[in-house]
Amino acid sequence: MTANLLDLDLEGLAAFCEQLGEKRFRAVQLFRWIHQKGASRFDEMTDLAKSLREKLPSVCHITDLPVLSRQESTDGTIKWLFDVGDGNAVETVFIPEDDRGTLCISSQAGCAVGCRFCSTGHQGFSRNLTTGEILAQLWHAEHFLRKHLKSADRVITNVVMMGMGEPLQNYSALVPALRVMLDDHGYGLSRRRVTVSTSGVVPMIDRLAQDVPVALAVSLHAPNDALRDSLVPLNRKYPIAELLDACLRYLPAAPRDFITFEYCMLEGVNDQPEHAQQLLKLVKTHGGRGVPCKINLIPFNPFPDSGLKCSPRAVVLRFGQILNEGGVVTTVRKTRGDDIDAACGQLAGDVLDRTDAARRLAERRQDAAVQPIRFVHTAKDPQV
Ligand code: SAH
Ligand code: SF4
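What comes next is a walk through the structure. (Residues numbered from 1 in each chain as written. Chains lettered and ligands numbered in written order. Predicted model: local features only at pLDDT ≥ 70, side-chain atom pairs only at ≥ 80, totals over all residues. Heavy atoms only, no water.)

What about the site of ligand 2?
Here is the rule we go by: Any residue with a heavy atom positioned within 4 Å of a molecule or strand is treated as near that molecule or strand. Three classes are used, and their members are as follows: Ala, Val, Leu, Ile, Met, Phe, Trp, Tyr, Cys and Pro are nonpolar, Asp, Glu, Lys and Arg are charged, and the others, Gly among them, are polar.
Near ligand 2, the surroundings consist of Cys-111, Val-113, Gly-114, Cys-115, Cys-118, Gly-121, Gly-165, Glu-166 and Ser-199. Looking at side-chain class alone, the shell around ligand 2 contains 4 nonpolar, 4 polar and 1 charged residues.

Focus: the packing of helix α5 (residues 131–149) against helix α6 (residues 171–182)
Heads up, the rule is: Each axis is a line fitted through C-alpha atoms, taken for helices only over the stretch in contact, and angles between the N-to-C directions span 0 to 180 degrees. Numbered from the N terminus, helices here are DSSP runs of H or I no shorter than four residues, and strands are runs of E no shorter than two. Each crossing gets its hand from how the near helix is turned against the far one by less than a right angle, where anticlockwise is left-handed and clockwise is right-handed. Here a residue-residue contact requires only that any non-hydrogen atoms of the pair lie within 4.5 Å.
Contact geometry of α5 with α6 gives a least axis separation of 8 Å together with a crossing angle of 35 degrees. Crossing handedness for the pair α5 and α6: right-handed. Counting all contacts with α5, which are made through Thr-131, Ile-134, Leu-135 and Leu-138, the residues of α6 involved are Ser-172, Ala-173, Leu-174, Pro-176, Ala-177, Val-180 and Met-181. The class makeup of the residues in the contact of α5 with α6 is 9 nonpolar, 2 polar and no charged.

Side note on the pattern of salt bridges
Selection rule: Throughout this description, the term salt bridge denotes a Lys or Arg side-chain nitrogen within 4 Å of a carboxyl oxygen of Asp or Glu. Only protein chains enter the accessibility calculation, which uses a 1.4 Å probe; a residue whose area is less than 20% of its type maximum is buried, one above 50% is exposed, and one in between is partly exposed.
Counting across every chain of the model gives 11 salt bridges. Here Arg-127 ties to Glu-133 by a salt bridge, and the two come within 2.8 Å at their closest N and O atoms. Look at Arg-127 and you get partly exposed, because its relative accessible area is 23%. The exposure class of Glu-133 is buried, given its relative accessible area of 13%. Here Asp-206 makes a salt bridge to Arg-249, at a shortest N to O gap of 3.0 Å. Of this pair, Asp-206 sits in helix α7 (residues 202–211) while Arg-249 sits in helix α9 (residues 240–250), and the two are 43 residues apart along the sequence. By relative accessible area, Asp-206 is classed as partly exposed at 28%. Three or more residues are tied together by salt bridges with common partners; here these are Glu-22, Arg-26 and Lys-55.

Section: the sheet that holds strand β11 (residues 215–219)
Keep this limit in mind: In this scheme, strands are said to pair when DSSP sees at least two bridges between them.
With respect to topology, 10 strands assemble into an open sheet ordered β3-β4-β5-β6-β9-β10-β11-β12-β13-β14, the strand pairing being mixed. The open sheet terminates on both sides in strands that have one partner only, identified here as β3 (67–72) and β14 (330–332). Neighbour-to-neighbour, the strand axes of this sheet turn through a mean angle of 20 degrees, independent of strand direction. Sheet topology places strand β12 (residues 259–265) next to strand β13 (residues 293–299); 7 bridges connect them, and they run parallel. For Met-265, the partnering residue across the bridge sits in β13 and is Pro-299. Docked against the sheet, α6 engages β9 (158–161) and β10 (194–198), running at close to 155 degrees with respect to β10.

Some remarks on the site of ligand 1
In plain terms, the rule: We call two N or O atoms a polar contact when they sit within 3.5 Å, provided that within protein one can donate a hydrogen and the other can accept it, with sequence-adjacent residues counted only if both atoms are side-chain atoms. Exposure was quantified through the Shrake-Rupley algorithm and a 1.4 Å probe, taking into account, for residues, occlusion by the shown protein chains and nothing else.
Contacts to ligand 1 come from 21 residues, most closely from Phe-117, Ser-197, Ser-219, His-221 and Asn-301. One nitrogen or oxygen atom from the main chain of Phe-117 is found 2.7 Å from a nitrogen atom belonging to ligand 1. Measuring from a nitrogen atom of ligand 1, one finds a side-chain N or O atom of Glu-166 at 3.3 Å. For ligand 1, the accessible surface in isolation is 530 Å², of which the surrounding protein chains cover 96%. Contributions of two or more residues to the shell around ligand 1 are made by β10, β12 and β13. Partitioning the shell around ligand 1 into residue classes produces 10 nonpolar, 9 polar and 2 charged.

Quick look at the environment of His-286
Of note, His-286 is situated in the loop between α10 (273–285) and β13. For His-286, a relative accessible area of 13% gives the class buried. Sequence separation between His-286 and Ala-241 is 45 residues, and the spatial gap between their C-alpha atoms is 7.6 Å. If we ignore the near neighbours within four places in the chain, the residues touching His-286 are Ala-241, Leu-244, Asp-245, Leu-248, Lys-281 and Val-291.

Digging into the environment of Asp-225
Note that Asp-225 resides in helix α8 (residues 225–231). Of the residues examined, Asp-225 reaches a relative accessible area of 31% and is grouped as partly exposed.

Some points on the packing of helix α2 (residues 24–36) against α5
Applicable threshold: Each angle receives one of four descriptions, namely roughly parallel if under 35 degrees, roughly antiparallel if over 145, roughly perpendicular if within 65 to 115, and oblique otherwise.
Closest axis-to-axis distance for the α2/α5 pair is 9 Å, and the angle between their directions is 65 degrees. Our classification of the angle between α2 and α5 gives roughly perpendicular. Between α2, through Ile-34, His-35 and Gln-36, and α5, the contact on the second element is made entirely by Leu-135, Trp-139, His-143 and Arg-146.

What about α10?
This is how the line gets drawn: Expected span of a helix, by definition, is 1.5 Å for each gap between consecutive residues, and there is one gap fewer than residues. The directions considered for the arc run from the helix axis to the C-beta atoms.
Taking 1.5 Å per residue as the helical rise, α10 with its 13 residues ought to reach 18 Å, and the 18 Å between its terminal C-alpha atoms agrees with that figure. Residues of α10 that are buried: His-275, Ala-276, Leu-279, Leu-280, Leu-282 and Val-283. Looking straight down α10, one finds its buried side chains confined to an arc of 165 degrees; they lie on one side. Every exposed residue of α10 that faces more than 90 degrees away from the buried side is listed here: Glu-274 and Lys-281.

Quick look at the side chain of Gln-108
Take Gln-108: it is sitting in strand β7 (residues 108–110). At a separation of 2.8 Å, a polar atom in the side chain of Gln-108 contacts the side chain of Asn-128. A polar atom in the side chain of Gln-108 sits 2.8 Å from the backbone nitrogen of Glu-166. Residues contacting Gln-108, with those up to four places away along its chain left out, are Val-90, Phe-125, Arg-127, Asn-128, Leu-129, Met-164, Gly-165, Glu-166, Gln-169 and Asn-170.

Keep in mind that these numbers describe shape and distance, not what the molecule does.
This is the structure:
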């Protein structure tokens, strides 16, 4: 089998070129063709020596993921369902805003953490995505959007690893993918515009600080271990105090001077004023001086059989008010793409019922009438 060049960061591509007896600058040229210009064929790469262009197809390829469907929300959010084989599919969501375009990327087919409120967690774990499969989501979305918006500029300005899966449980594939996102010859995103969201894999938070310290979001969801144990099973392995210690160790390397804590609002479970008070105390006093942070309240997005409900709006606002008044900047996440099930935790791919997934995938392939796109977005890239 020949190599898929989407699997390689620039160092990897340079090593690959060396094996072919080519100079490093050839790797830079190739890399730019792939990631900046969206080329998938070597004969398009007009500034490469003809001999190299002719040699490459026999040793490598640039292969994207097959699209099973593309849906567009009335609010402009676009969701792709990509086929990753064996009846598994992953989802990717583009969220346009006035001043940015954010792509929410999946890192695994399913997830082994099994959070109670997450539909990906309910479906179980199928497998890790490869670097190429993580990057194919960005490559595909960016070049698709550029063509359709007739934009010569970058459309995706921010990436969040908040799709399906726990990115820090797929660390070895994640790191080269992040490097390509940040590379000036790749997507050239700044470290503060790439966010890894984790349910709290403590040792990998430390490694990320060393390897590629991008912005960090930590899915906290509860202010004490008993409650967090019941919502995020990984808490039994890495309890809150250890997780917050890891956040404190991450901060010196982080591109921003705070950690984002995500908190999914579940009616009658973690949304009472006493939970807010406890959370406030926790983040303000942990380790003596507290953890510099912002809190993002996520209204729970329901899915069948979760047995959970979203907190009423007034309860969410009251919760946020307690935190803000206590001096911790807190925002409520706007739900996007609701009509196409593209919101957080609704990403279930097609693996929900694995016994039946292959058949349903085949059916979808047949009538995969990819919907025409109506969305028009002029992407600006503000200086943040
Ligand atoms: N595994 C990582 C990243 C993917 S989940 C993590 O857990 O952080 C991305 C975010 O969506 C997390 O904060 C997660 O807690 C949240 N989420 C999951 N299910 C949700 C749901 N049903 N409603 C709202 N948010 C949800
Ligand atoms: Fe996995 Fe994140 Fe969902 Fe938890 S919330 S099950 S860690 S994807």
